[in-house]
Amino acid sequence: MLLIIAAGYYFFASGIGTSALADEVGAAGLPFVYSLGLAGVALVLALQTMLRWLVLGAQEKSSEDSPNFWLMFRRAGGILTIGIVYLLIVNIVGYLIALLLVLMAMLFYLGEKFDRKTVLVAFIGAGFFWFLFDRLLGIPTPGIGSF
Amino acid sequence: MEAISVGFSLLISTPLIFVAIAGVAWGILGGALPGISPSIAMALLLPLTYGMDPVLAIVLLAATYVGAEYGGSIPAILINTPGTNAAAATVLDGYEMQRQGRGGEALGISLYSGVIGAFFGLAMLMLLTRPLAEVALAFTPMAYFALGLLGLSVIVSLSGESLLKGLAAALLGLMVATVGSDPISGVSRFTFGRPELLDGVAPILVMVGLFAVSELLRQASVSVWEKPKNTVMNLKFPNGKMRKRLFKPQLIGSIIGTIEGVIPGAGGTIAAFMSYNEARRWSRFKSEFGHGSPEGIAAPETANNTVAATALVPVLSFGIPGSNSAAILLGGLLVHGLLPGPRLFEENGDVIIGLYTGLLIAAISLFVIGMLILPVCLWLVNRPRAYLMAFIYALIFSGIYSIDNSLFDIALVLGAGAAGFLMRLVGFPFLPTVLGVVLGYLVESNYRRSLVLSGGDHAIFFNDPISLTLLIVAGLFIAGSLSTRAWLTYRNLQTKILENKV
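Residues numbered from 1 in each chain as written. Chains lettered and ligands numbered in written order. Predicted model: local features only at pLDDT ≥ 70, side-chain atom pairs only at ≥ 80, totals over all residues. Heavy atoms only, no water.

## A closer look at the overall build of chain B
Part 1 of the reasoning: If you tally the helices and strands in chain B, you get 23 helices and two strands.
Part 2 of the reasoning: In terms of overall dimensions, chain B is globule-like: its C-alpha atoms have a radius of gyration of 22 Å, near the 23 Å expected for 502 residues.
Part 3 of the reasoning: For chain B, the spread of C-alpha atoms along the three principal axes comes to 75 × 60 × 50 Å.
Part 4 of the reasoning: Expressed as a percentage of its 502 residues, the buried residues of chain B come to 61%.
Part 5 of the reasoning: Expressed as a percentage of contacts within chain B between residues at least 6 apart in sequence, the contacts between residues at least 24 apart total 78%.
Part 6 of the reasoning: Taken as a whole, chain B presents about 18,900 Å² of accessible surface, with 67% of it coming from carbon and sulfur.
Part 7 of the reasoning: One way to put it: in chain B the 29 positive side-chain charges average out to a point 14 Å from where the 27 negative ones average out. (Helix = DSSP H or I, 4+ residues; strand = E, 2+ residues; numbered from the N terminus. Rg over C-alpha atoms; globule rule 2.2 N^0.38 Å. Buried < 20%, exposed > 50% of the residue type's maximum accessible area, 1.4 Å probe, protein only. Contact = heavy atoms within 4.5 Å. Areas by Shrake-Rupley, 256 points an atom, 1.4 Å probe, with all protein chains shown as cover. Lys, Arg positive; Asp, Glu negative; His and termini not counted. Charge placed at Lys NZ, Arg CZ, Asp CG, Glu CD.)

This is the structure in structure tokens:
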């Protein structure tokens, strides 16, 4: 993974334009150093991991298998999805309604019942944030249909 | 004596006390909301100050700065979200204490240390403005580069179990810091045609993503939520024994905060991390750091609150703003026809005395307002898990949007959160990444400026006395941390061998 990041970063660093104002190091100078540094560290880490597998492979395998990573990813992915949906709808329905939907979605996703109390808390929360940021602090939050 | 009488007459003849208290309260609110940085909190007040008396206007802005620097620690401790960049170091042990049900104690220590830092910083500002100002002027690009390296040297001791993973994490942070316009030529790098990236990625976005969003993802990913046991709901101030223990880290934080504060551009973040690192180095309870150490809160909190006052030294002495907040304060001075420099002290002595008096009131009111609002904050974070997580998510969306009115920033925070979640799973430490993001620009821009000055000769870094000193100190830090690591590894290995024999 780190090697892929280093390679990708190096690839984009090689596409950095040059300027008549450029110094000796250049705009791409340190990015090249960083990508090569990361690639070097990634290789040593990979080597270290391989050696550990060779020496302690059987012992560590059982402990590594214990957490269900896919289940963890799926649960965390739900939270991220709520965030992405917020980004997609906030300019359509406006900040207040989008935030209300986020609060309700989060509450239900995390196991709260769909009852009057939950809905009321979401309404109060969205109203509080709207008042604080939009009214009190004067932040121009997205309105309905502001895309 | 005359200054004291002028200050006293300002207190009784003007609403200076109320203005200072209002500034601190507003600052704490701004600092506690992720995304509303001290500079934004101050900028929001700037239009109000146009019609005000110059003394009151400057006090309002300065008190807001003091309040905001402290306010950043509240969400850092309670919800793992640094309200300001400088509060990132407080997260390390503050949130750990909160997880252990010691949130009230952590908040008490941060308030106590913050107030000490505010008083110490004010004393330094009053007593040492002129000599400290000379230090600020002596800093060359080479010295800034060396200062950045000194900050990065902390990575060696913040890398957790694997130094290699820490290095990789730091390199990732340095890579993020290269996004945006090149500091020398202005060529855009890694922006992929997005104008939002031309100014780079703000460190606060990376911090909120790595700390707060990834924590939300982690909590959502486990079926059973670890609810803190024996949660203390009351604010708990350190007792005599604890105060004695906190003295050393507070002293370290005060000294580092004073030095970093007067250097334009260094700022509270480097001061906080360096103080944390030094407090750990000199502590008798090293193993507690990272697992809920009171000293791990005291050192960075004292440092960043000291910086809030000493950062005014270059502003008042030379009109050099070392940070966005200082730039806004400078704007406040200029709006009222007050030109910073030595003549400011001679021609507008009443403004300076008023500022000092206002900062004194701000330091006192920091304590009073903190005592009033912190129990409420404690109650709020002890609500049921689903409610707490939903509200934190909503707060992140709202706070991050308010930085630049940009939804793209929220997308970046979500991306950083996902990256942070992956880093948690594979055991990569966050802090080196944060340091890389914070210091990357400082290191690169000053490294290249220095080479432009020297015509490409690296010897310039060793010819500048401040740069040389800082490089030697950084080298010693790294050597010390590496030897401590090596010794700990050797000891652990010995223990394992002994256990296997038994």
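On we go from here.
## Description of the packing of aromatic side chains
The description of an aromatic ring pair uses the distance of the two centres, along with the angle that the planes make with each other.
Residue and element names in this part refer to chain B.
Part 1 of the reasoning: One pass over the structure, following the stated rule, counts 18 aromatic pairs over all chains.
Part 2 of the reasoning: Arranged with centres 5.8 Å apart and planes meeting at 10 degrees, the rings of Tyr447 and Phe461 form a pair that is stacked. Placement of the pair is Tyr447 in helix α21 (residues 431–454) and Phe461 in helix α22 (residues 460–463), with a sequence separation of 14 residues. The same class applies to Tyr447 and to Phe461, which are both buried. (Phe/Tyr/Trp six-rings, centres within 6.5 Å; stacked < 30°, edge-to-face > 60°.)

## Some thoughts on the environment of Phe285(B)
Residues and elements named next belong to chain B.
Part 1 of the reasoning: Looking at the secondary structure, you find Phe285 in the loop between α13 (267–281) and α14 (294–310).
Part 2 of the reasoning: On the basis of relative accessible area, Phe285 is assigned to the partly exposed category, the value being 28%.
Part 3 of the reasoning: Each C-alpha atom of the pair Phe285 and Glu295 lies 8.8 Å from the other, and the pair is 10 residues apart in sequence.
Part 4 of the reasoning: What Phe285 contacts, discounting residues up to four positions off in sequence, is Arg245 and Glu295.

## Some thoughts on a positive patch on the surface
All names here are of chain B.
Part 1 of the reasoning: A cluster of basic residues, Lys244, Lys248, Arg284 and Lys286, forms a positive patch on the protein surface.
Part 2 of the reasoning: Among the secondary structure elements, Arg284 is positioned in the loop between α13 and α14.
Part 3 of the reasoning: Given a relative accessible area of 74%, Arg284 falls into the exposed group. (Patch = residues over 30% accessible without salt bridge, like charges linked within 9 Å, V, L, I, M, F, W, Y side chains within 5 Å. Salt bridge = Lys/Arg side-chain N within 4 Å of Asp/Glu carboxyl O.)

## Description of the nonpolar core
Part 1 of the reasoning: Counting residues in hydrophobic clusters, the biggest one holds 204 residues, and the most contacted among them are Tyr86(A), Met106(A), Phe133(A), Leu78(B), Leu316(B), Tyr393(B) and Ile396(B).
Part 2 of the reasoning: When residues in this core are grouped by element, the largest group, 14 residues, is from helix α18 (residues 349–381) of chain B. (Core = buried A, V, L, I, M, F, W, Y, C linked by side-chain atoms within 4.5 Å.)

## Considerations on the confidence of the model for chain A
Part 1 of the reasoning: Within chain A, residue pLDDT values average 84, and 90% of them lie at 70 or more.
Part 2 of the reasoning: Put simply, helix α2 (residues 29–65) of chain A is where chain A has its lowest mean pLDDT, 79, and helix α4 (residues 95–109) of chain A is where it has its highest, 93. (pLDDT = per-residue confidence, 0-100.)

## Focus: helix α8 (residues 141–152) of chain B
Residue and element names in this part refer to chain B.
Part 1 of the reasoning: Between its terminal C-alpha atoms α8 stretches 16 Å, which fits the 16 Å expected from 12 residues at 1.5 Å a residue.
Part 2 of the reasoning: The element α8 is extensively covered by neighbouring structure, given that 10 of its 12 residues are classed as buried.
Part 3 of the reasoning: Those residues of α8 that fall on the buried side of the exposure criterion are Met142, Ala143, Tyr144, Phe145, Ala146, Leu147, Gly148, Leu150, Gly151 and Leu152. (Expected span 1.5 Å × (residues − 1).)

## Things to note about the interface of chain A and chain B
Part 1 of the reasoning: On the chain B side, the residues contacting the 61 residues of chain A number 58 residues.
Part 2 of the reasoning: Summed over both sides, the interface between chain A and chain B buries roughly 5,300 Å², with carbon and sulfur atoms accounting for 83% of that surface.
Part 3 of the reasoning: The tally of links from chain A across to chain B stands at zero salt bridges.
Part 4 of the reasoning: The interface formed by chain A and chain B holds seven residue pairs in polar contact (both at pLDDT 80 or more) in total. (Buried area = accessible area lost by both parts, 1.4 Å probe. Polar contact = N/O pair within 3.5 Å; in protein donor to acceptor, adjacent residues only side chain to side chain.)

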